[in-house]
Amino acid sequence: YWRIPRAFIRQVISLGGSTEAVEGVANQLAGTKAADNITLTIGKFSVIDIFDTNLYAHDPRADFLNWSVISSGAFDYAADSWGYTYGAAAEWTQSWWTIRGGLFQLSKVPNGKVIGFHPEQFMAVAEVEERHQWLGHPGKFKLLGYINRGNMASYSDAMKLAVQTNTVPDVFPVRRVSTRPGLSLNLEQEVTSDLGIFARLSLNDGRKEAYEFTEINQSLSLGLSLKGHRWGRSEDAFGIAAAVNKLSNDAKRFFAAGGIGILIGDGQLNYRPEQVLEAYYSMHIYTGTNLSLGFQRMTNPAYNTDRGPVNIGSIRLHAEF
């Protein structure tokens, strides 16, 4: 069957096996499909609609909000400033495993807008997913790897130029076409019928500037999600998570000297790892509508001990029709 929401086309090719129902949700029309299949997606869409997904921490409309909790913090995936890009992906699902691969266009400049076609700047990404049962409860483990190739700067080159010119380090004059790889591990596991746990561990090449996502070179996040069965609110959910994000040594020196990245930089960095604690409660109001309350506490925000801690409260109303 075909799915044609907004700016991409998806085709699912049956390879046999049992038939399973497909729920009608965002980016997907209701129907049926074979359990064993090949799925092809092409157009303009978000990379993380397909890669690095997690049942318990992935949807800021309904669960967590912090970027390093809903995604692998060091996954510098191709995207414009709104989170979308042009690309194509293929997924091969058989029995207990799925293999995914994709090729996506990077922005012309880091964290910019995707305009036109420039194939020399791209992200190649691959992910292997393993599905299992643990004490009768389903779980998934995913290994993801990617390579960005684009016009990006080396932090050490920016520092060398700053020393030569006696100025603050700047990435713009030293950008050149180069590659930047990264890896991510992603776990989700149902523990009981109403309780699930998750964890992500990711890292990337910290010698070069962040290109699309954010300045994180190493990240670890973990947490749990609990449905409201125990207090008579079966469609409600409570979640709590913690994350620790780090910079590479090259990035530390760049920001300590006053460098500015795509999202961080405040003149001088007194470095320590960034620590995040987040909790939310999602209350089901009626079909398709949820009200969520959230809280985040960030220690050493943007890796600077001279800033924070910062407490952030949130309220979200999400409705689907």
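The rules we used
- Residues numbered from 1 in each chain as written.
- Predicted model: local features only at pLDDT ≥ 70, side-chain atom pairs only at ≥ 80, totals over all residues.
- Heavy atoms only, no water.
- Helix = DSSP H or I, 4+ residues; strand = E, 2+ residues; numbered from the N terminus.
- Rg over C-alpha atoms; globule rule 2.2 N^0.38 Å.
- Buried < 20%, exposed > 50% of the residue type's maximum accessible area, 1.4 Å probe, protein only.
- Contact = heavy atoms within 4.5 Å.
- Lys, Arg positive; Asp, Glu negative; His and termini not counted.
- Charge placed at Lys NZ, Arg CZ, Asp CG, Glu CD.
- Salt bridge = Lys/Arg side-chain N within 4 Å of Asp/Glu carboxyl O.

Colleague: Residue-level account of the overall build of the protein, with values.
Modeller: Each helix and strand counted, the protein has 3 helices and 16 strands in total. Rg of the C-alpha trace for the protein: 21 Å, near the compact-globule value of 20 Å for 321 residues, within the 12% margin. In terms of overall dimensions, the protein has C-alpha extents of about 65 × 45 × 35 Å along its principal axes. Within the protein, buried positions represent 45% of all 321 residues. Nonlocal contacts in the protein, meaning residues at least 24 apart in sequence, comprise 63% of its contacts between residues at least 6 apart. When the 30 basic and 31 acidic side-chain charges of the protein are each reduced to a single mean position, those positions are 4 Å apart.

Colleague: Residue-level account of the pattern of salt bridges, with values.
Modeller: When the charged atoms of two side chains with opposite charge come close together, those side chains can pair. One pass over the structure, following the stated rule, counts 18 salt bridges. Of the charged contacts, one joins Glu129 and Lys140 as a salt bridge, the two residues approaching to 3.9 Å between their closest N and O atoms. Here Glu129, found in strand β8 (residues 122–134), pairs with Lys140, found in strand β9 (residues 137–152); they are 11 residues apart in sequence, far enough to count as distant. Its relative accessible area of 28% is what places Lys140 among the partly exposed residues. One salt-bridge network, in which partners are shared between bridges, spans Glu91, Arg100, Glu127, Glu129, Arg131, Lys140 and Lys142.

Colleague: Could you give an account of unusual backbone geometry, with specific residues and numbers?
Modeller: Trans peptide bonds make up most of the peptide bonds, and negative phi angles are found at most residues other than glycine. With an omega of 0 degrees, the peptide bond running from Gly308 to Pro309 counts as cis. As for its placement among the helices and strands, Pro309 is situated in the loop between β15 (289–299) and β16 (310–319). A positive phi angle is found at Ser95, which is not glycine, with a value near 50 degrees. By the element assignment, Ser95 lies in the loop between β6 (85–94) and β7 (97–105). Of the residues examined, Ser95 reaches a relative accessible area of 57% and is grouped as exposed.

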